[in-house]
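This is what each chain is made of:
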Amino acid sequence: IVHVGDTNNDESGGSPTNSQVNNNSTDYLKNVLTEMLDNLALSQDIQKQRQAVYKDLDSAIDEDHQRKVVVDDVSELINRNIETIQKEKEELQVFIRKTTGQLEEIEEYVRKSRQDRIDTVSESSMLKDSVEANVDIIQSTVGDAEEINQLKSDVQDHLKEIRKSVEEYQTAETERENMSKQGYAHIIGELARTQKETLMLKEQLHESKQKMLRDPLTGLPNRMAFDERIALEINRCKRNNENICIAMWDIDHFKKVNDTYGHDAGDRVLKLLAKIIQTRVRTVDMFSRIGGEEFVLLMPDTSLDNALSLNDQLRDSLANSGFHYDGAPCPITASVGIARIEEYDNSESVMRKADEALYKSKREGRNRCTIYTPEV
């Protein structure tokens, strides 16, 4: 995990002062609100509002009024996030209702087509019976006829009946065929529209998920994305006994960067870190921002030695990046803790090991990488 910012430990001993208690309370509030902000899936048009709240959180919120303003801003973003989710839910409900109606139309079309086939068979049988009956009558008339004129008249009458029956059958068949073609064309059109709407909905859902899984400042995967990925990697490790490592990062004296140069400089440092690591690791690796000032690099199929070598190179790249702000040099370094996922590990235990290794790097002078060992 990459922690950005140092934890100030009181090594002097003794009871905490009121100032320390207030600072701890303020830090806790910042952490809670930051985590809430990180987990919001916001539309593009209100991303800047979240960035503004991030900066307010980084500023001092020691007074009750300041706390209330920041909490109100976070509440507003949460409400807007709820409205966005509700809107997407309503759109999905409309789509489901429309799709259900289209499926009912298809079901009705199939039922009617089946009934039409039954009616066709029935009418065909009736036509056959009618023709056969009239033919029988004609044959009987021919056999009993005594006058040719009367015979002609009777035969013509029965032929007219046969012709009438055939024409009625043909008319009914034509009507059924036309109705069937219209119904088929309608159903095909509805299916095409449904398919188009389905694709649009899938794209919207994919876009919403991507927003939920991305950190808006750095563009890196966020805590939700990391939690999903590490769970998969831990299961894979248990199945295949593969080497999988994680590295926790902490930018040295990050609070001093914010205090000295301002929060815009701090944001640029975070983006710089993201760019350096993201462009130098493999596609199978995952570098995530999992909290306001926390980052983690997950490295599948990587031994501890290779993980140490890679993170040392990345750390060196950051230290030698030549970062400037407003024309003034602003040296940036980072401390790193590395741990391997073991078969008995879960996400909490392996991150705890990496965190212990990280703080050993900090205790021993910062700007270094440390591999976790049980003695750390």
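Whatever comes next refers back to the structure up there.
The structure contained in this document is the topic of the report that follows. Keep in mind that what you see is a predicted model, and the values were worked out from it rather than measured.

### Points about the overall build of the protein
- Check the secondary structure of the protein and you find nine helices and eight strands.
- For the protein, the proportion of its 376 residues judged to be buried stands at 36%.
- Of the contacts formed within the protein by residues at least 6 apart in sequence, a portion of 72% connects residues at least 24 apart.
- Carbon and sulfur atoms make up 50% of the accessible area of the protein, which totals about 22,400 Å².

### As for the nonpolar core
- Ranked by size, the top nonpolar core spans 33 residues in total, and within it Trp249, Leu273, Ile277, Leu297, Leu318 and Ile332 carry the most contacts.
- At the level of secondary structure, the elements contributing two or more residues to this core comprise strand S2 (244-251), helix H6 (254-261), helix H7 (263-278), strand S4 (294-300), helix H8 (304-319) and strand S7 (334-340).
- Broken down by element, the residue count for this core peaks at eight residues, all from H7.
- Beyond its immediate stretch of four places on either side in the chain, Leu318 contacts Trp249, Leu272, Leu273, Ile276, Ile332, Thr333 and Ala334.
- Of all hydrophobic cores here, the second largest spans 20 residues; its members include Met286, Val296, Leu298 and Leu358.

### Digging into the environment of Leu273
- As for its placement among the helices and strands, Leu273 is situated in helix H7.
- For Leu273 and Ser321, which are 48 residues apart along the polypeptide, the C-alpha to C-alpha distance reads 9.7 Å.

### So, the pattern of salt bridges
- Per the stated rule, a full pass over the model turns up 13 salt bridges.
- Two residues, Asp215 and Arg289, come together in a salt bridge whose shortest N-O distance is 3.1 Å. Of this pair, Asp215 sits in the loop between helix H4 (148-212) and helix H5 (223-240) while Arg289 sits in strand S3 (residues 286-291), and the two are 74 residues apart along the sequence.
- Ionic contacts of the salt-bridge type, sharing partners, join the residues Arg229, Glu233, Arg236, Glu242 and Asp301 into one network.

### Side note on the packing of H5 against helix H9 (residues 347-363)
- Following both chains from N to C, one finds H5 and H9 inclined at 105°, their axes separated by 10 Å at the closest point. When the axis of H5 is compared with that of H9, the two are roughly perpendicular. Here Arg223, Phe226, Ile230 and Ile234 of H5 come into contact with H9, specifically with Ser347, Val350 and Met351.
- Taken together, the residues of the contact of H5 with H9 sort by class into five nonpolar, one polar and one charged.

### Details of the pairing of S2
- Of all eight residues in S2, eight are buried; the element is thus mostly enclosed.
- Two elements, S2 and S4, share six bridges in a ladder whose sense is antiparallel. Considered in S4, the bridge of Trp249 is made with Phe295.
- Bridge count for S2 against S7 is seven bridges, and the pairing is antiparallel. Opposite Trp249, over in S7, you have Val336 as the bridge partner.

### Regarding the packing of aromatic side chains
- One pass over the full model with this rule turns up two aromatic pairs.
- Measuring from centroid to centroid gives 6.4 Å for Tyr261 and Tyr325, while their planes differ by 75°, and the two rings are edge-to-face. You can see Tyr261 sitting in helix H6 and its partner Tyr325 sitting in strand S5 (residues 324-325), a full 64 residues away along the chain.
- Given the relative accessible area of 29%, Tyr261 is considered partly exposed.

Rules and cut-offs
Residues numbered from 1 in each chain as written. Predicted model: local features only at pLDDT ≥ 70, side-chain atom pairs only at ≥ 80, totals over all residues. Heavy atoms only, no water. Helix = DSSP H or I, 4+ residues; strand = E, 2+ residues; numbered from the N terminus. Buried < 20%, exposed > 50% of the residue type's maximum accessible area, 1.4 Å probe, protein only. Contact = heavy atoms within 4.5 Å. Areas by Shrake-Rupley, 256 points an atom, 1.4 Å probe, with all protein chains shown as cover. Core = buried A, V, L, I, M, F, W, Y, C linked by side-chain atoms within 4.5 Å. Salt bridge = Lys/Arg side-chain N within 4 Å of Asp/Glu carboxyl O. Axes fitted to C-alpha atoms, helices over the stretch in contact; angles between N-to-C directions. Parallel < 35°, antiparallel > 145°, perpendicular 65-115°, else oblique. Nonpolar A, V, L, I, M, F, W, Y, C, P; charged D, E, K, R; others polar. Pairing = 2+ DSSP bridges. Phe/Tyr/Trp six-rings, centres within 6.5 Å; stacked < 30°, edge-to-face > 60°.

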